[in-house]
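A look at the structure
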Amino acid sequence: MLWKAGLIHCFTSALSKIGPQVTKCWPIYRPASIKRFARHWSNVPFLTVPPRRTPGKPFAHRSDLKQAKRIVVKLGSAVVTRGDECGLALGRLASIVEQVSVLQNQGREMMIVTSGAVAFGKQRLRHEILLSQSVRQALHSGQNQLKDMTVPVLEARACAAAGQSGLMALYEAMFTQYSICAAQILVTNLDFHDEQKRRNLSSTLHELLRMNIVPIINTNDAVVPPPEPNSDLQGVISIKDNDSLAARLAVEMRADMLIVLSDVEGLFDSPPGLDDAKLIDTFYPGDQKSVTFGTKSRVGLGGMEAKVKAALWALQGGTSVVIASGTHPKVTGHVINDIVEGKKVGTFFSEVKPAGPTIEQQAEMARADGRVMASLQPDQRADIIHRLADLLTDNRDEILKANERDMEKAVTLGQSKISYFWPYYL
């Protein structure tokens, strides 16, 4: 019973200390302010989304991701396109649009960096080429050879030009189902390097977000030059693929979080195809040497190495990053929502490395120790429990003082957060 008494004392002590602070900073929401900011079509209360945080420093822990207000979602080519690389994965795309719409209607500011124009255009151009072939050519080839009729290699820029309008029309039709307006923005490297164009782009995006419109950004693949194979992400990031575009956009717009969806569950310590490959839950900038990268995705320009470089660049710029799977059938329908809720999904990039074991490691050690305890004799288990009780009693004052310091630090660092969520703990 000693441990129960200790917990009750700690809780009552915490209430007595943070209670006055909570009442002082209790937010007052007047009807006029609610009317000005709330979305009239949202079924979720406006208070579920925290106010805009001060930009410049990424979140240190997954649990802090709930505070994200402005979010950039990057959809990789493997997520948007079908397995045959010709056409779009409509089911996945519709699920992602639904999740983005729910978050947008909650009061968050959502932006999408999408791929898929080349794949959609390839589908349309292949169809046009087959239809344009003369009847004589088709008949002359014979029925057996007709099935094996090959289509010439299509130039990527032409595919992008043919597919971009259809891709945007599809996004617009999907978002309309949730009473959300979407806007298209096509960018190139020059739009970020030219100061005037960069300011114009930023002004346009801010105005769209103010009007509760979801910007859908893509590289203008119809006019961009081929990517340079060995251009590293140094200084100002180079827009050579949509990974770098999403990172640059997130930093420019001071986004709270960047979600990168790909065809892998996250960052592994070795290529995912290997038997001993392990998913990295939290990745720190100093752990790059411990990771072995594999090959690129089937349709993307970058690959995991490019994603990690772009993620670290965004992290350095003050944006939190999560890399997760957008193609797994069991998680695609809720992957974005799970990430925003702080659940353990994909790989979370953080600048803060804990001094001790992670929560998962502590849980694993507790399970292992529990098995050892279960194998002991009753008198041996009793001796261990009594010893633990004696340690708690002997160090009672030190434990309570440390708890008080932790509570004071929590109130100092996150006073607004405590006052914000306080009603849910009553």
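Quick note: structure is the one above.
Residues numbered from 1 in each chain as written. Predicted model: local features only at pLDDT ≥ 70, side-chain atom pairs only at ≥ 80, totals over all residues. Heavy atoms only, no water.

1. Considering the side chain of Gln-164
Keep this limit in mind: The secondary structure listing takes helices from DSSP runs of H or I that are at least 4 residues long and strands from runs of E that are at least 2 residues long, numbered from the N terminus. For each residue, the accessible area found with a 1.4 Å probe, counting protein chains only, is set against the maximum for its type, and the residue is called buried under 20%, exposed over 50%, and partly exposed in between. We define a polar contact as two N or O atoms separated by no more than 3.5 Å, with the added condition that, inside protein, one atom must be a possible hydrogen donor and the other a possible acceptor, whereas residues neighbouring each other in sequence contribute only through side-chain atom pairs. Pairs of residues are marked as contacts when any of their non-hydrogen atoms sit within 4.5 Å.
Here Gln-164 lies in helix α7 (residues 156–176). Residue classification places Gln-164 among the buried residues on the basis of a relative accessible area of 11%. In terms of polar contacts, Gln-164 uses its side chain to reach the side chain of Asn-218, at 3.1 Å. Not counting residues up to four positions away in its chain, the partners in contact with Gln-164 are Ala-117, Gln-184, Leu-186 and Asn-218.

2. Topic: the sheet that holds strand β6 (residues 282–283)
Where we set the bar: Here a strand pair is declared whenever DSSP counts at least two bridges between the two strands.
Across the sheet, which stays open at both edges, the eight strands sit in the order β3-β4-β2-β1-β5-β7-β8-β6 with mixed pairing between neighbours. The sheet is open, and its two edges are formed by β3 (181–187) and β6, each paired on a single side. Note: strand β7 (residues 320–325) against strand β8 (residues 347–349), three bridges, orientation antiparallel. The residue of β8 that forms the bridge with Val-322 is Phe-348.

3. Some thoughts on helix α11 (residues 304–316)
Operational definition: To estimate the expected span of a helix, count its residues, drop one, and scale the result by 1.5 Å.
The end-to-end C-alpha distance of α11 is 18 Å, a good match for the 18 Å that 13 residues give at a rise of 1.5 Å each. Burial analysis of α11 places ten of its 13 residues in the buried class, which makes it a mostly covered element. Those residues of α11 not exposed but buried are Met-304, Ala-306, Lys-307, Val-308, Ala-310, Ala-311, Leu-312, Trp-313, Ala-314 and Leu-315. Where α11 is buried, its residues meet β1 (70–75), α10 (242–252), β5 (257–262), β6, β7 and β8. The positive-phi residue at the C-terminal boundary of α11 is Gly-318, with phi of around 105 degrees.

4. Points about the packing of aromatic side chains
Keep this limit in mind: Working definition: rings of Phe, Tyr and Trp (its six-membered ring) pair if their centres are within 6.5 Å, and the pair is stacked with planes under 30 degrees apart, edge-to-face with planes over 60 apart, and tilted otherwise.
Applying the stated criterion across every chain yields a total of one aromatic pair. Between Phe-283 and Phe-349 the ring centres are 5.3 Å apart and the planes differ by 65 degrees, which places this aromatic pair in the edge-to-face class. Of this pair, Phe-283 sits in strand β6 while Phe-349 sits in strand β8, and the two are 66 residues apart along the sequence. A residue is classified by how much of its surface remains accessible, and Phe-283, at 1% relative accessible area, is buried.

5. Remarks on the environment of Gly-116
When you line up the elements, Gly-116 lands in the loop between β2 (109–114) and α5 (117–132). Assessed through its relative accessible area of 8%, Gly-116 is described here as buried. Through-space distance from the C-alpha of Gly-116 to that of Ala-160 is 8.4 Å; in sequence the pair is 44 residues apart. The contact partners of Gly-116, leaving out residues within four places of it in the chain, are Val-80, Thr-81, Leu-88 and Leu-167.

6. Re the packing of helix α4 (residues 90–105) against α7
Which entries qualify depends on this criterion: What counts as an axis is a line fitted to C-alpha atoms, over the stretch in contact for a helix, and the angles between N-to-C directions run from 0 to 180 degrees. Comment on the angle field: the value is read as roughly parallel under 35 degrees, roughly antiparallel over 145, roughly perpendicular from 65 to 115, and oblique elsewhere. Each crossing is labelled by how the near helix is turned from the far one, with a counterclockwise turn of less than a right angle marking it left-handed and a clockwise turn marking it right-handed. Classes in brief: Ala, Val, Leu, Ile, Met, Phe, Trp, Tyr, Cys and Pro nonpolar; Asp, Glu, Lys and Arg charged; the others, Gly included, polar.
α7 packs onto α4 with a crossing angle of 50 degrees between their chain directions and a minimal axis gap of 10 Å. Between α4 and α7, the interaxial angle falls into the category oblique. Read as a crossing pair, α4 and α7 show a hand that is right-handed. The residues of α7 that touch α4, namely those facing Leu-90, Leu-93, Ala-94, Val-97, Val-100 and Ser-101, are Leu-170, Tyr-171, Met-174 and Phe-175. Class assignment of the residues belonging to the contact of α4 with α7 gives a composition of nine nonpolar, one polar and no charged.

7. Quick word on the nonpolar core
Here is the rule: We call a set of buried Ala, Val, Leu, Ile, Met, Phe, Trp, Tyr and Cys residues a nonpolar core when their side-chain atoms join them within 4.5 Å.
By size, the foremost hydrophobic cluster in this structure holds 38 residues, and its most contacted members are Leu-75, Tyr-171, Phe-175, Met-257, Leu-261, Ile-336 and Ile-339. Excluding residues within four positions of it along the chain, Leu-75 makes contact with Val-80, Leu-93, Ile-96, Ile-112, Val-113, Thr-114, Ser-115, Tyr-171 and Leu-261.

8. Observations concerning the pairing of β7
Among the six residues in β7, six count as buried, and that is most of the element. Burial of β7 is two-sided: the residues Ser-320, Val-322 and Ala-324 facing one way and the residues Val-321, Ile-323 and Ser-325 facing the other way are all buried. Of the pairings in the sheet, the one linking β5 to β7 comprises six bridges and is parallel in character. Along β7, the bridge assignment pairs Leu-258 with Val-321.

9. Examining α4
When the terminal C-alpha atoms of α4 are compared, their 22 Å separation across 16 residues agrees well with the 22 Å that a helix rising 1.5 Å per residue should span. Here α4 has its buried residues at Leu-93, Ser-95, Ile-96, Val-97, Gln-99, Val-100, Ser-101, Leu-103, Gln-104 and Asn-105.

10. Things to note about the packing of α10 against α11
With their axes 9 Å apart at the nearest point, α10 and α11 run at an angle of 5 degrees to one another. Compared by their axis directions, α10 and α11 come out roughly parallel. Here Asp-243, Ser-244, Ala-247, Arg-248 and Val-251 of α10 lie close against α11, whose contacting residues are Ala-306, Lys-307, Ala-310, Trp-313 and Ala-314. Looking at the contact of α10 with α11, its residues break down into six nonpolar, one polar and three charged.

11. As for the pattern of salt bridges
Stated formally: The term salt bridge refers to a side-chain nitrogen of Lys or Arg lying within 4 Å of a carboxyl oxygen of Asp or Glu.
One pass over the structure, following the stated rule, counts 15 salt bridges. A salt bridge links Arg-70 to Glu-109, with the nearest nitrogen and oxygen atoms 2.7 Å apart. With Arg-70 in strand β1 and Glu-109 in strand β2, the pair connects residues that are 39 residues apart, well separated along the chain. By relative accessible area, which is 15% here, Glu-109 ends up buried.

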